[in-house]
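Chain by chain, the residues:
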Amino acid sequence: MSKSVLVTFLCCFFIISCSNDDKVALTNAEDREIGAYVRTTETVNADFSIHNPADIFRVELEVHDEQNGALLEAIEVYLTYKKTGALPSNEVLLKTLTSDVFVIGQFGKPISPLTVSFEEALSAFNLTMADMSCKDQFEVRINQKLTDGRSFTTGQSSSKILAADDFWSSPFCYTINVIDPIAEDMFTGFYLLESVLDGPLGPTFGEPQLVEVYKGHSTNVREMRLRHRLSIEQEQPRIFRFTIVCDEVVFSKDLLSSKIGFCDMDPAILLGPDTENAAIDSNDDTVFELWFVEGYLGFDGNCGFGTAPSRIKLSKQ
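Keep in mind that what you see is a predicted model, and the values were worked out from it rather than measured.

What exactly am I supposed to notice about the overall build of the chain here?
Each helix and strand counted, the chain has three helices and 20 strands in total. Taking all 317 residues of the chain together, 52% fall into the buried category. On the chain, roughly 14,200 Å² of surface is accessible, and the fraction owed to carbon and sulfur atoms is 51%.

Quick question: what am I supposed to make of the sheet that holds strand β6 (residues 103-104) here?
Note on sheets: strands pair through backbone hydrogen bonds, and any given pair is parallel or antiparallel. Within the open sheet, the four strands sit side by side as β1-β3-β7-β6. Their pairing is antiparallel. Edge positions in the sheet fall to β1 (37-45) and β6, since each has one partner strand and no second. Both β6 and strand β7 (residues 110-117) contribute to a ladder of two bridges, which runs antiparallel. Residue Val103 lies in a different strand from β7, and its bridge partner there is Ile111.

What exactly am I supposed to notice about the confidence of the model for the chain here?
A low pLDDT means the predicted coordinates there should not be read in detail. Of the residues in the chain, 89% have a pLDDT of 70 or more, and the chain-wide mean is 90. Under a pLDDT of 50 for its full length, residues 1-33 has, in the predicted model, 64 contacts with residues more than four places off or in other chains.

Would you explain the pairing of strand β11 (residues 189-197) in this entry?
Pairing of β11 with strand β12 (residues 209-215), which is carried by five bridges, proceeds in the antiparallel orientation. Across the sheet, residue Phe190 finds its bridge partner in β12, namely Glu212. Across six bridges, the pairing between β11 and strand β20 (residues 308-316) is antiparallel. Note on β20: the bridge partner recorded for Leu193 is Leu314.

Rules behind the numbers
- Residue positions are counted from 1 within each chain, in the order its sequence is given.
- Local features in this predicted model are restricted to residues of pLDDT 70 or higher, and side-chain atom pairs are both shown and tallied only at a pLDDT of 80 or more, whereas totals for entire chains, interfaces and linings draw on every residue.
- Working from all heavy atoms in the structure, the side-chain values ignore hydrogens and water.
- Strands are runs of DSSP state E lasting at least 2 residues, helices are runs of H or I lasting at least 4, and numbering of each runs from the N terminus.
- The classification of residues rests on relative accessible area computed with a 1.4 Å probe and restricted to protein chains. Under 20% of the type maximum is buried, over 50% is exposed, and intermediate values are partly exposed.
- Methods summary: accessible areas were calculated by the Shrake-Rupley approach with a probe of 1.4 Å, and residue burial reflects only the protein chains presented.
- Pairing between strands is defined by DSSP: at least two bridges between the two strands are required.
- Every residue gets a pLDDT, meaning the predictor's confidence in that residue, from 0 to 100.
- Contact between two residues is taken to exist if any of their heavy atoms lie within 4.5 Å; hydrogens are not considered.

In structure tokens form, the structure reads like this:
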């Protein structure tokens, strides 16, 4: 079976649920079970400015289940605080979005914004702005509760379900970076992209090339469209993101390599941040590196390498 046929087959019959016991539910032709999921249809803002307690994290959610969202009981919103250089806090229940706050969207599914204000996040942990440091993070986790008693959240899931800018786009988890805002034109423009540490299959994005970097959905988020080395010409280049976080550049998580970025069998390779980020000068955007991994969360496209580092250099032209 060719890759293109296999992808079509899997898109029709492959869905994974993340239930409380982290067991995986697969759809198949004989015994069809479909897990509920929550699509992220838009990210409005994902950063908190170190200078602005009024900042608000916001994403738009669309609920899916076997009955077009009619099984929704509530979305629980949990929050964790990650202080730079320290262990993460205990997770707290921040709020609950009950089904009545959702409205039916243009595609017949319940929709609602999910917002977390900086002040709300601080209050949850009895913190003040004086306690904040640039590069701190908040992690938002959602738990989808259904009226039949099931619930779905982070856990064992497919890279295809998690991946941003894809059909499902259902990570159940979001990272809010505490940043110092940069000018909109910084770290934008045309850059020469070169591999400085090849990925497990070779240069992650192929040969040196000219790419355009542009401002993304949030103040310090930047985006570029690239082809993973396993992609084909029939695919559109995918969006790859990073965030300027003071003296570091942070690669975004849950970025799909390619629709067919796998070795013989789906799901595809997932890209995400490495455990260490590249250092930068936020006032100098002429040359910088991005450090990331292929096989983020272990999703290595069944290529057998697990999780492996890759690094690229971007030089302004």
